[in-house]
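Close look at the chain arrangement
Listed below are the residues making up each chain.
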Amino acid sequence: MYFLLTAGANPFETVSKPIISLLDMALMPALAIVGALGAIYCIILGAKLAKAEEPQDREKAKNSLKNAIIGFVLIFVLIVVLKLGMTAMQSWMKSNIGGTGAAGSWITGLRL
């Protein structure tokens, strides 16, 4: 069974607009939350490192602090890359999916 879509707008664009706007609104607060939680968690782990008396406990606290810093930096970088790459992804999607026919409307055949 084939469905023929003839509409003035790209249906993928109408579906993706709410998702993109939600991501755009959520990225800056997510960045602030990750930064705040990362700072608090690293302070707690630093205090554990300072209070550790045994060499094994000190090494364990040092590894935990190192892993936490790496994890939070990675999350921070990924959020920033997503924020910066959203416009490039939108333009790529419009150029690759937004083909128009001779009549100026978007036409595709979907097989179910």
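Residues numbered from 1 in each chain as written. Predicted model: local features only at pLDDT ≥ 70, side-chain atom pairs only at ≥ 80, totals over all residues. Heavy atoms only, no water.

When you go through the protein chain residue by residue, the secondary structure sums to 2 helices and 2 strands. Each helix (α) and strand (β) of the protein chain, taken in turn from the N terminus, gives the series β-α-α-β. Among the 112 residues that make up the protein chain, the fraction classed as buried is 18%. Sequence separation of 24 or more characterises 76% of the internal contacts of the protein chain that already satisfy a separation of 6 or more. Roughly 8,400 Å² of accessible area belongs to the protein chain as shown, and the carbon and sulfur atoms make up 71% of that amount. (Helix = DSSP H or I, 4+ residues; strand = E, 2+ residues; numbered from the N terminus. Buried < 20%, exposed > 50% of the residue type's maximum accessible area, 1.4 Å probe, protein only. Contact = heavy atoms within 4.5 Å. Areas by Shrake-Rupley, 256 points an atom, 1.4 Å probe, with all protein chains shown as cover.)

As a further point, take the packing of aromatic side chains. Within this structure, the stated rule accounts for 1 aromatic pair. Summarising the aromatic geometry, the rings of tyrosine 41 and phenylalanine 72 are spaced 6.2 Å apart at their centres and angled 65° between planes, so their arrangement reads as edge-to-face. With tyrosine 41 in helix H1 (residues 11-51) and phenylalanine 72 in helix H2 (residues 55-97), the pair connects residues that are 31 residues apart, well separated along the chain. Overall, the relative accessible area of 42% leaves tyrosine 41 in the partly exposed class. Taking the relative accessible area as the measure of exposure, phenylalanine 72 reaches 23% and is therefore partly exposed. (Phe/Tyr/Trp six-rings, centres within 6.5 Å; stacked < 30°, edge-to-face > 60°.)

Here we take up the environment of glutamine 90. Position of glutamine 90 relative to the elements: it lies in helix H2. Along the sequence, glutamine 90 and isoleucine 20 sit 70 residues apart, while their C-alpha atoms lie 8.6 Å from each other.

Summed over the entire model, instances satisfying the criterion amount to 2 salt bridges. A salt bridge links lysine 62 to glutamate 59, with the nearest nitrogen and oxygen atoms 3.8 Å apart. On the criterion of helical spacing, the pair formed by lysine 62 and glutamate 59 is a turn pair, its members being 3 residues apart in helix H2. A residue is classified by how much of its surface remains accessible, and lysine 62, at 44% relative accessible area, is partly exposed. (Salt bridge = Lys/Arg side-chain N within 4 Å of Asp/Glu carboxyl O.)

Considering every residue of the protein chain, the mean pLDDT works out to 78; 77% of them sit at 70 or more. The weakest mean pLDDT in the protein chain belongs to strand S2 (residues 106-111) at 48; the strongest belongs to H2 at 87. The low-confidence segment residues 100-107, where pLDDT is below 50, has 15 contacts with residues more than four positions distant or belonging to other chains. (pLDDT = per-residue confidence, 0-100.)

On to a nonpolar patch on the surface, then. On the surface, Val15, Ile19, Leu23, Leu82 and Met89 cluster together into a nonpolar patch covering about 420 Å² of accessible area. If you list the elements that add at least two residues to the nonpolar patch, you get H1 and H2. Broken down by element, the nonpolar patch gets its largest block of residues, 3 residues, from H1. (Patch = residues over 30% accessible without salt bridge, like charges linked within 9 Å, V, L, I, M, F, W, Y side chains within 5 Å.)

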